Amino acid sequence: MTNIDHTPIEYTTSANNILPQFVDQLRQLYGIIVQNTYVKDTAKHLNRIIQDANNQTMILIVGKQRVGKTTLVNGLLGREVLSVNDQHPTGVNTFIRYGEQEEIKAYFLDGVVAIFDLSKLELLTTGDTFASQILREHLDYLEVYLKNDLLKSVTIIDAVSLEAGGGEMAYFSEALMNRVDEIFWVLRAGSRAIDAELLLMDTLKHKGVEPLCVINGIDADEHADAFITAEQQRIGHLMSDFIAISATNALAAKQTDNLELWQESQYDHLIAHIHRVAENSEKKTYAILIRFLQWLERFRFELTVIPRRDPFQSAVENIEKYAGDTQFEFSRYQRDLAIVKEYEQEYEQVANTFTHVQTLYQLLQTISQHDYLQDEKVEKFTEIAVYYQQMLREYRTMHSEYSREYERLDAQHKKIHGKGLMKAIFGQHTQNEFFKERVQKLNEQQVVCVAQYDNVLQAETSMLQAVRDIQPYLLNLVKERMSRIEQKVQELNQQRAKEKRQLKRYAEKLNEFSCLIEAQGYIKEHLQPFLMQEQMPLKAKDLEMLEETVQAILSIDLSRNGLLGRSQMNNKMESIAIPFDVKEMYPQQCLTLQEEDVKSNDIPEIPNKLAIQYAE
């Protein structure tokens, strides 16, 4: 059986060497304007024109849902590469290119490019899983690289389905349509082009674009011939030609190597047309020239608004305000010196935080006076230390009350018995019951004193441990405070340096616009004479548009009376950091409280229990 891939194809060629020369001219213009970030998008569009001029012929497959666009492409490829799903049509524009390594490049909206295996194509285009939906929401377009001979001469774009817009006209990316060399408008036999499609076709017609109408599914509609005739009468004036095919038969023929089925698919006509488009360099040259003229108008508009908008306007204002104003710079430097002096005094005070701390009381006072020494951990230490002091005060109070009562009773006892309470008394006296009762109360007070003394010892143990733990922590808080002060000086110097850099960037921004002045000269001296040559395939209206646009571009003055030269004054400005050498001048004072420094050394001894007996 004859191999279908070797079936002879009719070619038409047109020699034209203008396009390569024109591309060289565009490359030089792109190299000039790409230096300016303000016209970044405009430069990007020019680069896309250059790339498209160098790229293979691009054919765009468009149409409403379920007309068989993807199956048509699979038929051209000879295998089911692209996923076909009746419920979920192709969800992302897919560029099918030639490649020795078969793979997918996914271009996401944020600029990320990811490479996938060919088996992931369904996931990216028609899959209905959650992962598929998430990926498609962030996809810009796909490039599918296949080892297929047809793709050596053309790139085929399987586009998303047409959508009806608010004005009842089908919506499709104008930028994508402008990039392609041919549009295949796919209809399914028996399903007429809807009004929304007709409006878009008419819009393209006014732009000089006439798609090829590809009517698919002739194998499944017995009235296909009548349908084609009717559509030719209805929309023939909007189309360049009509080709009827069966994508299903073509794919089956390729897969089974069935020549008869291939001939029934009528794909030979479609492939012959593809080759004619690929060989028609004159049409491509004219399309690239028209796209450049449209780009030139966009460039003119951007040059017009540059002097009235940022960053050009803000650069002008800031350089005129600050560049060379030495008095302003000196005044600001003096202000910053005063700020740093205040920081130095604060640093000295913080470094000496614990210089005079020699007791627990002084430590607690110091903590209470400085916010940077207060946090949850320090607060817990303070509670322990204050509790120790409270226990100590309560013990002293109890001991004092006991002592006063003892001395008073001892004096009464001496007066009656001639001896103090601590002397053994065995005599009888009418006051003995009184003394017994009072001694019992003293002994009760003595028991309370003993208990409170134990509380003091326990609180003291906790306090001593807390003091040992908190001292390195407090020193670290002070160190952090000192570092923060140094950081504030650093931030001040960083702000000064930032302002210098900003001013320098303003000057650089102005210098960046000098490349646009260079671009004006290049357009006048090189591009315009090149495009005005007689052999250029431009029409009279195109040349008139070129002349008007170039004159408008040349009339825009970006020099601003030597402002670009004045911006160089910024190069004389120096970025001087204010010194802050304080570490050696104000070393951090240590905190080394010992046990004897924080515990009380004059705690009254526990009073002895009284054991006095009287004769009955």
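Parameters at a glance
- By convention here, each chain's residues receive numbers from 1 onward along its written sequence.
- Residues qualify for local features only when their pLDDT is at least 70, as the model is predicted, and side-chain atom pairs are given and counted only at 80 or more; totals for whole chains, interfaces and linings, by contrast, use all residues.
- The basis for every side-chain value is the complete set of non-hydrogen atoms in the structure, without hydrogens or water.
- Strands here are runs of E lasting at least two residues and helices are runs of H or I lasting at least four, both read from the DSSP assignment and numbered beginning at the N terminus.
- Pairing of aromatic side chains here covers Phe, Tyr and the six-membered ring of Trp, requires ring centres within 6.5 Å, and sorts the geometry by plane angle: under 30 degrees stacked, over 60 edge-to-face, intermediate tilted.
- Two thresholds decide whether a charge sits over a ring: the Lys NZ or Arg CZ must be within 6 Å of the ring centre and within 35 degrees of the ring normal.
- To obtain an axis, a line is fitted to C-alpha atoms, over the contacting stretch when the element is a helix, and the angle between two such axes runs from 0 to 180 degrees between their N-to-C directions.
- Here the word oblique covers every angle except those under 35 degrees (roughly parallel), over 145 (roughly antiparallel) and from 65 to 115 (roughly perpendicular).
- Crossings are classed by handedness, with left-handed meaning an anticlockwise turn of the near helix from the far one by less than a right angle and right-handed meaning a clockwise turn.
- We call two residues contacting when some pair of their heavy atoms lies within 4.5 Å.
- Ten residue types, Ala, Val, Leu, Ile, Met, Phe, Trp, Tyr, Cys and Pro, are classed as nonpolar, four, Asp, Glu, Lys and Arg, as charged, and the remainder, Gly among them, as polar.
- We call a set of buried Ala, Val, Leu, Ile, Met, Phe, Trp, Tyr and Cys residues a nonpolar core when their side-chain atoms join them within 4.5 Å.
- Exposure categories follow from relative accessible area, calculated using a 1.4 Å probe and restricted to protein chains: below 20% of the type maximum is buried, above 50% is exposed, and the middle band is partly exposed.

Engineer: Explanation requested: the environment of isoleucine 485 in the structure shown.
Structural biologist: As for its placement among the helices and strands, isoleucine 485 is situated in helix 17 (residues 432-512). In this structure, the C-alpha to C-alpha distance between isoleucine 485 and valine 340, residues 145 residues apart in sequence, is 9.6 Å.

Engineer: Looking at this structure, I do not really get the packing of aromatic side chains. What am I missing?
Structural biologist: Centre-to-centre distance and the angle between the planes together describe a pair of aromatic rings. With the rule as written, the count across this model stands at 12 aromatic pairs. Within the aromatic cluster, the residues linked to one another by ring pairs are Phe22, Phe292, Trp295, Phe299 and Phe530. The aromatic ring of tryptophan 262 is capped on one face by lysine 254, whose charged end is 4.9 Å from the ring centroid.

Engineer: Help me understand the packing of helix 15 (residues 360-369) against helix 16 (residues 376-417) in this model?
Structural biologist: A pair of packed helices is captured by two measures, namely the crossing angle of their axes and the spacing between those axes. Closest axis-to-axis distance for the helix 15/helix 16 pair is 11 Å, and the angle between their directions is 140 degrees. With respect to helix 16, the element helix 15 is oriented oblique. Classified by chirality, the crossing of helix 16 by helix 15 is left-handed. The residues of helix 16 that touch helix 15, namely those facing Leu360, Tyr361, Leu363, Leu364 and Ile367, are Val378, Phe381, Thr382, Ala385, Val386, Tyr388 and Gln389. Residues that form the contact of helix 15 with helix 16 fall into these classes: 10 nonpolar, two polar and no charged.

Engineer: I keep staring at the nonpolar core and nothing clicks. Help me out?
Structural biologist: If you look at the biggest cluster of nonpolar residues, it comprises 51 residues, and the most contacted ones within it are Phe354, Leu360, Leu363, Phe381, Leu474 and Phe580. Elements supplying a minimum of two residues to this core: helix 14 (326-351), helix 15, helix 16 and helix 17. Per-element tally for this core: the top contributor is helix 17, with 18 residues. Residues in contact with phenylalanine 354, not counting those within four places in the same chain, are Leu363, Thr366, Leu373, Leu474, Leu475, Val478, Gln589, Cys590 and Leu591. Core analysis: the next-biggest nonpolar cluster, separate from the first, contains 45 residues, Leu19, Leu303, Ile306 and Ala315 among them.

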